[in-house]
Amino acid sequence: MDEGSELSLSVAHIVRRLKGTHLHSQIERRAKECLHQPEIRLDSLREDVRRFLRTSACGPRAIPRLLWSISKSRWPTCARHRSVSSPPISVTSSLLILPPMPPHLLPLSTEAFFSFFVLFKDTCGGGVRLFFSFLYVTCCLTQACWEKRVLKSLNSMSSELGVPLARMRPAAEQKELTSKWNEMGADEPGLRGDLTSFRPVYAPKDFLEVLISLRNPNYDSSEDVGVRSHWGLVQVPLDVRDIPQLRRAYAELNLTSGQLGIDDHAHIDPVVVEQDSAAAQQYSRRGCSTGLRADLWALILNSNNQPQDAMRYEQLTAGVVQHDLLVDSLIYKDVKLTASNDDYYFVFEDFLYQVLLCFSRDTAVLEHFKYNSATPPRSFVQGKGEEEEGAVVYPPNGVIPFHGFSMYVAPLCFLYNEPSKLYSVFREMYIRYFFRLHSISSSSSGVVSLCLQFERLLQTHLPQLFYHLRQIGAQPLRIAFKWMVRAFSGYLSTDQLLLLWDRILGYDSLEIVAVLAAAVFAFRAENLMEVTSLGSAEAVLADLSTLKVMPLIQIFLFATAI
């Protein structure tokens, strides 16, 4: 079958599947409604309708997700189609992990699948036209390949060390863990065993290499007018804001507005008393006072710590006591490598173990996969076969910790001294924001967009610095990526980090992280222009603990000449 025939059959299949969906009827209804809009002209009807549908409520995001789910529903499972599926990576004494379906097993050809984006019924001729975002699917495919690599690393570690992915703890071990629950940081090595053989599944620099390789097959970068677009490492055509747009979006941060962190006068507002989440979010845009921050963040995140939340935390604790997971050792190792060696956070080692171990068992975290390009790792309980009823998610929350993961929790320990409250706030922070920092997507708050925005801001406003660093082999993104993937946790002093996170919550976006990264380079630009190697550039930017966040952001956004 030639390529054209395959594309036609694929399009026909997608159209048949879409016609019976609620989304199709919604699009059809919207197309009819738009005919009554005054901006729709007869001489440009087709383009006007297309433009209207792209900006409508059922616009470009819902359709790619539906098309993607249709394609995934056609993937064969390993149990039913062994002849075309990849073999399981490894078998342990408890669980079997299978890699996600690799791209070469997609039911549609890449060319066919990359042909769809917005579906609408052509009201003139009655034909169906399909357009699809190449980048959306590219991100999904790259994410799937990345997940396969991570799972392979996890399985290899399990096989090499002879450690099962999951096991039931003996009664004596359960009793010991219960007695030492509040002092796990002092248990050397005790329940954790020898951690020297365990290694992080991946580090931020490994993830960066994947992002650098990301390309849109429908995008020819040679068509760009300027040469600066080729200077950076990220070569994907995403829309990111420039300085004028950022000024409008972050108007509350302008030089004439008082900011906590600069002008520490109290602009106390009764939002906590009124329990108004929207008002709390608006208040947070100019910084939260130390005494109110914990309550304001909980209010913004709708984390009320009700009795059922405390009960849920106790259930998760019981799950940790009953079962030992391989990822528990990864958590122990990460805390030891990061927070335990940090002057600000080492005192919270016990809290970090408790929160992260419970987090790994919390199936409520799976909710974020509904709006995430990632998919949770699938496992099969040994002895129950490889049918769907034997499938489980491993770890139960679907998140495999990486090097530095514990630093998402550490700053929150300054705000909450009750473990259940700390856990509740962290979980909400993760499923709203932090997951985007280690998953590949085209979201404006996703890590790909943050990297691109950081590079664009530097290329546009500090082109000489960017070119100089590029020429000496010190690409700015290779230095700044570790800051952004952790949202600067572990790099800024805690008081400054909390002021930055105030703005993340206030603006409901991680975009400010990329702005700060560019502002740091601008602040150290004079010294960076003198360096001659990557090592010396990293030395100039090694210590950020003395920086003041809000002055840097304000000067970069509002005092930069355009």
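Residues numbered from 1 in each chain as written. Predicted model: local features only at pLDDT ≥ 70, side-chain atom pairs only at ≥ 80, totals over all residues. Heavy atoms only, no water.

### Focus on the packing of helix α11 (residues 277-284) against helix α12 (residues 290-300)
Moving on, step 1. Running from amino to carboxyl end, α11 crosses α12 at an angle of 125°, the nearest separation of the two axes being 8 Å. Between α11 and α12, the angle falls in the class oblique. Note on packing geometry: the crossing formed by α11 with α12 is left-handed. Across the interface between the two elements, Ser-277, Ala-280, Gln-281, Tyr-283 and Ser-284 of α11 pack against Leu-292, Leu-296, Trp-297, Leu-299 and Ile-300 of α12.
Moving on, step 2. Of the residues contributing to the contact of α11 with α12, the split by class is 7 nonpolar, 3 polar and no charged. (Axes fitted to C-alpha atoms, helices over the stretch in contact; angles between N-to-C directions. Helix = DSSP H or I, 4+ residues; strand = E, 2+ residues; numbered from the N terminus. Parallel < 35°, antiparallel > 145°, perpendicular 65-115°, else oblique. Left-handed = near helix turned anticlockwise from the far one by under 90°. Contact = heavy atoms within 4.5 Å. Nonpolar A, V, L, I, M, F, W, Y, C, P; charged D, E, K, R; others polar.)

### Regarding the nonpolar core
Moving on, step 1. Counting residues in each nonpolar core, the largest one holds 144 residues, and the members touching the most others are Phe-426, Trp-483 and Phe-521.
Moving on, step 2. Once residues within four sequence positions are removed from consideration, Phe-426 is found in contact with Val-355, Leu-356, Phe-359, Phe-405, Tyr-408, Val-409, Leu-412 and Phe-434. (Core = buried A, V, L, I, M, F, W, Y, C linked by side-chain atoms within 4.5 Å. Buried < 20%, exposed > 50% of the residue type's maximum accessible area, 1.4 Å probe, protein only.)

### Description of the confidence of the model for the protein
Moving on, step 1. When pLDDT is averaged along the protein, the result is 78; 67% of the residues meet or exceed 70.
Moving on, step 2. Here residues 74-132 is modelled with pLDDT under 50, and outside its nearest four sequence neighbours on either side it reaches 158 contacts, counting other chains as well. (pLDDT = per-residue confidence, 0-100.)

### Brief notes about the pattern of salt bridges
Moving on, step 1. As enumerated under the stated definition, the model contains 16 salt bridges in all.
Moving on, step 2. In this structure, Asp-502 engages Arg-293 in a salt bridge whose closest nitrogen and oxygen atoms are separated by 2.8 Å. Here Asp-502, found in helix α20 (residues 494-507), pairs with Arg-293, found in helix α12; they are 209 residues apart in sequence, far enough to count as distant.
Moving on, step 3. A relative accessible area of 0% means that Asp-502 is categorised as buried.
Moving on, step 4. The exposure class of Arg-293 is buried, given its relative accessible area of 5%.
Moving on, step 5. Among the ionic pairs, Asp-362 bridges to Arg-312, the shortest N-O distance being 3.0 Å. Linking Asp-362 in the loop between α15 (349-361) and β7 (378-381) with Arg-312 in helix α13 (residues 307-322), this pair joins segments that are 50 residues apart in sequence.
Moving on, step 6. Judged by relative accessible area, Arg-312 falls into the partly exposed class, the value being 27%.
Moving on, step 7. One continuous salt-bridge network, built from bridges that share partners, spans Arg-167, Arg-169, Glu-173, Asp-324, Asp-328 and Arg-361. (Salt bridge = Lys/Arg side-chain N within 4 Å of Asp/Glu carboxyl O.)

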